[in-house]
Amino acid sequence: MRRDDSYMSTAAAYAEFAACEAHGVSPTYERLSLAVSRDADVLSLLGALPAIKRQPNLLFGVVRFLGGPVERSGAFHDFTLVNWPAIEAEMRTRATQTNEAGRCAVLLPVLAALPQPLALLEVGASAGLCLYPDRYSYRYGDRVVGSGEPLIECAASGLVPPADVPDVVWRAGLDLNPLDVTDSADVAWLDALIWPEHEHRRARLRAAADVAAAEPPLLVRGDLVDDLPALATQAPDGATLVVFHTSVLFYVSAARRKAFVDVVRGLPGHWIANESPGMLPYDALPKVPGEALYNVLALDGTPLAWTRPHGQGISWFA
């Protein structure tokens, strides 16, 4: 079999996922990613997909969504080959819309410091679970903020936790394919995207989905450049508009990222970005605090902290 650049880059991407994202976080996905990086059959199937659709989280989530095994690489290999037409169809139509309410823990210190009340607008909102930072509670070390459910744990350094949760009077989300927490299939997809060992995140998803289902947010199907200004105009007068996003810009081309920055900077209010390094142009960043994967938390283009992808930690810049 001829191994072209696409094959090799996909293999490298799975090996990198194992080493940089799954290592120390999900032993199951670390083993599985390494196995796929060496699996000629699965790599060849993935090679027929667009590059953005070959990512490990999407493949593993779809296999789990379809009832397939991920604990043993041999069983995963067999299931994937036998069921590839169904897997491919799902991978082409779905996206890794991980809707981790835990990310509110790293957004909270910034949100609570802004002029209240707030009108929240999330770009790449998925089902909108991160639009309820005022309804959850948080533990930073021995300090608890808020009184709702779920309780979100966040390891924090260099940070004085806020005294209280923010006052949110409007919440809206923009997504190319918004999900509905009252739809069992949509919730099942969100569940499938949670990594196998992360039962605490699975319980958190259920609790956050209950919060959103009781008072559904305004979710609009649309593009982050073309449709953001119109949605922003719906924010009520007298509230501080806050446009925010987490781990979204990786899926956007460099040209569209630049166009988005131009649009969001032209809106009133504030802009919170929580993205992986390199997604936005920052002049300089401190040294990353460890070998794990980190995002950069920024307010109005100024970087403030390193954050862990699922909101499990925040390290404030000195």
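Residues numbered from 1 in each chain as written. Predicted model: local features only at pLDDT ≥ 70, side-chain atom pairs only at ≥ 80, totals over all residues. Heavy atoms only, no water.

Enumeration according to the criterion identifies 12 aromatic pairs in this entry. Ring centres of phenylalanine 60 and phenylalanine 76 lie 5.7 Å apart, and the angle between their planes is 80°; on these two criteria the pair is classed as edge-to-face. Taken together, the residues phenylalanine 60 in helix α4 (residues 56-65) and phenylalanine 76 in helix α5 (residues 73-82) connect sequence positions 16 residues apart. The pair formed by phenylalanine 60 and phenylalanine 76 is uniform in burial state, with each residue classed as buried. Their ring planes at 70° and their centres at 6.4 Å tell us that tyrosine 294 and tryptophan 306 sit as a pair that is edge-to-face. Placement of tyrosine 294 in the loop between β9 (270-275) and β10 (295-299) and of tryptophan 306 in strand β11 (residues 302-307) is noted, with a sequence separation of 12 residues between them. Taken together, the aromatic side chains of Tyr14, Phe17, Tyr29, Phe60, Phe76 and Trp195 make up a single cluster linked through ring pairs. Sitting above the plane of the phenylalanine 65 ring, arginine 94 keeps its charged end 4.4 Å from the centroid. Arginine 94 extends its terminal NZ or CZ atom over the ring of tryptophan 189, reaching a point 4.9 Å from the ring centre. (Phe/Tyr/Trp six-rings, centres within 6.5 Å; stacked < 30°, edge-to-face > 60°. Helix = DSSP H or I, 4+ residues; strand = E, 2+ residues; numbered from the N terminus. Buried < 20%, exposed > 50% of the residue type's maximum accessible area, 1.4 Å probe, protein only. Lys NZ or Arg CZ within 6 Å of the ring centre and 35° of its normal.)

Turning next to the state of the cysteines. Summed over the entire model, instances satisfying the criterion amount to zero disulfides. Counting only cysteine sulfurs, cysteine 104 is the nearest neighbor of cysteine 154, a cysteine outside any disulfide, at a range of 11 Å. Exposure remark for cysteine 154: the relative accessible area of 3% places this residue in the buried category. (Disulfide = S-S within 2.5 Å.)

Let us now look at the sheet that holds strand β3 (residues 143-145). The mixed open sheet is built from three strands, whose spatial order is β3-β2-β4. Every other strand in the sheet has two partners, leaving β3 and β4 (151-153) as the edge strands with one partner each. Averaged over all pairs of adjacent strands, the angle between strand axes in this sheet comes to 25°, irrespective of strand direction. Where strand β2 (residues 137-140) lies against β4, three bridges are found, and the strand directions are parallel. Residue pairing in the sheet places serine 137 in a bridge with leucine 151 of β4. On the sheet, helix α7 (residues 104-113) packs against β2, β3 and β4 and is oriented at approximately 90° with respect to β2. (Pairing = 2+ DSSP bridges. Axes fitted to C-alpha atoms, helices over the stretch in contact; angles between N-to-C directions. Contact = heavy atoms within 4.5 Å.)

From the geometry alone we can't say anything about function, so treat these as descriptive.
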